[in-house]
Amino acid sequence: MAKLELKNLHVALEDGTPIVKGVDLTIASGEVHAIMGPNGSGKSTLAYAIAGHPAYEITEGQIVLDGVDITEAGADERAQAGLFLAFQYPHAIPGVTVTNFLRQAINAVRKARNGGVDNPMPVPEFRKAFLAKMDDLKVSRELASRYLNDGFSGGEKKRVEILQMAMLEPKIAVLDETDSGLDIDALKVVAEGVQQLVGPNMGALVITHYQRILNYIKPDFVHVFVDGRIVEQGGSELAEKLEVSGYEEWEVKEEVHA
Ligand SMILES: Nc1ncnc2c1ncn2[C@@H]1O[C@H](COP(=O)(O)OP(=O)(O)OP(=O)(O)O)[C@@H](O)[C@H]1O
Ligand SMILES: [Mg+2]
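Residues numbered from 1 in each chain as written. Chains lettered and ligands numbered in written order. Predicted model: local features only at pLDDT ≥ 70, side-chain atom pairs only at ≥ 80, totals over all residues. Heavy atoms only, no water.

Bringing the site of ligand 1 into the picture now. Taken together, 13 residues are adjacent to ligand 1, and Asn39, Gly40, Lys43, Ser44 and Thr45 come closest. Here an oxygen atom of ligand 1 and a backbone polar atom of glycine 42 are 3.0 Å apart. Within the contact set of ligand 1, a nitrogen atom lies 2.9 Å away from a side-chain nitrogen or oxygen of tyrosine 56. Protein contacts shield 60% of the accessible area of ligand 1, which totals 630 Å² for the unbound molecule. Looking at the shell around ligand 1, its residues break down into four nonpolar, eight polar and one charged. (Near = heavy atom within 4 Å. Polar contact = N/O pair within 3.5 Å; in protein donor to acceptor, adjacent residues only side chain to side chain. Areas by Shrake-Rupley, 256 points an atom, 1.4 Å probe, with all protein chains shown as cover. Nonpolar A, V, L, I, M, F, W, Y, C, P; charged D, E, K, R; others polar.)

Moving on, we get to the packing of aromatic side chains. By the definition in use, this model includes two aromatic pairs. Both rings, one in tyrosine 48 and one in tyrosine 56, keep their centres 5.2 Å apart while their planes meet at 5°; by these two values the pair is stacked. Seen from their ring centres, phenylalanine 126 and phenylalanine 130 are 5.3 Å apart, and the 20° between their planes marks the pair as stacked. Here the residue phenylalanine 126 and the residue phenylalanine 130 both occupy positions in helix α4 (residues 123-136), the gap between them amounting to four residues, near one helical turn. As far as the burial class goes, phenylalanine 126 and phenylalanine 130 line up, both buried. (Phe/Tyr/Trp six-rings, centres within 6.5 Å; stacked < 30°, edge-to-face > 60°. Helix = DSSP H or I, 4+ residues; strand = E, 2+ residues; numbered from the N terminus. Buried < 20%, exposed > 50% of the residue type's maximum accessible area, 1.4 Å probe, protein only.)

As structure tokens, this is what we get:
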């Protein structure tokens, strides 16, 4: 049973501009949470801050994973502790194949969990698990020997991200979706992957600004995110309401208060 707690989280850009302005959120294994909000509201900033990206500064509040405060931990430590972030815009790594990238990532986690002593997964074991997960997630075997994200289509990037998630077995996965770049097949891949993996060992936070992906992933909780804050919470019905009415209700309120 894993639990990620965001406590009064505030995040600023390097120049000090506040973007995330006090988020309280708890995600436990077995749960799918969706964060929905308009462009520029700070969703990706929140995701980066959770993952420990050095360009985003946590100015107030805490991030706690399974009771351990990781607010100050580096990105690699967080990954080793069981956090996974699927980026909105994944980077290409020319020269590093998908297979090698994954093997290194897994071995880094294994090393950290082994008190800093190398404990690489034996190659046959890695290969077996890798092939099985590729088949489960319908990732073409041809992608495995290509350089990571180099020339990949949007859908292929998503498949490989989900494959990374399946191999790394995180406790909490944060998926920052760029829905606009995804066709229905890619949406289904992400959704099925998340659905397969969420359970006693994993919870997920899915970030989106359209309800579309939520036709395929049923969120247990929906959080409406406007101007760096959660302004409303509900169940999956809230996502359907947003699809019809948009975010205007809250954005107007912001102006009235200002
Ligand atoms: N590295 C950065 N440098 C400068 N400004 C940034 C940086 N990261 C985020 N911002 C700014 O912070 C604000 C929030 O951006 P963010 O990417 O978190 O929004 P978002 O909710 O993810 O939007 P979208 O739905 O378009 O993905 C925007 O005004 C953006 O320009
Ligand atoms: Mg974003």
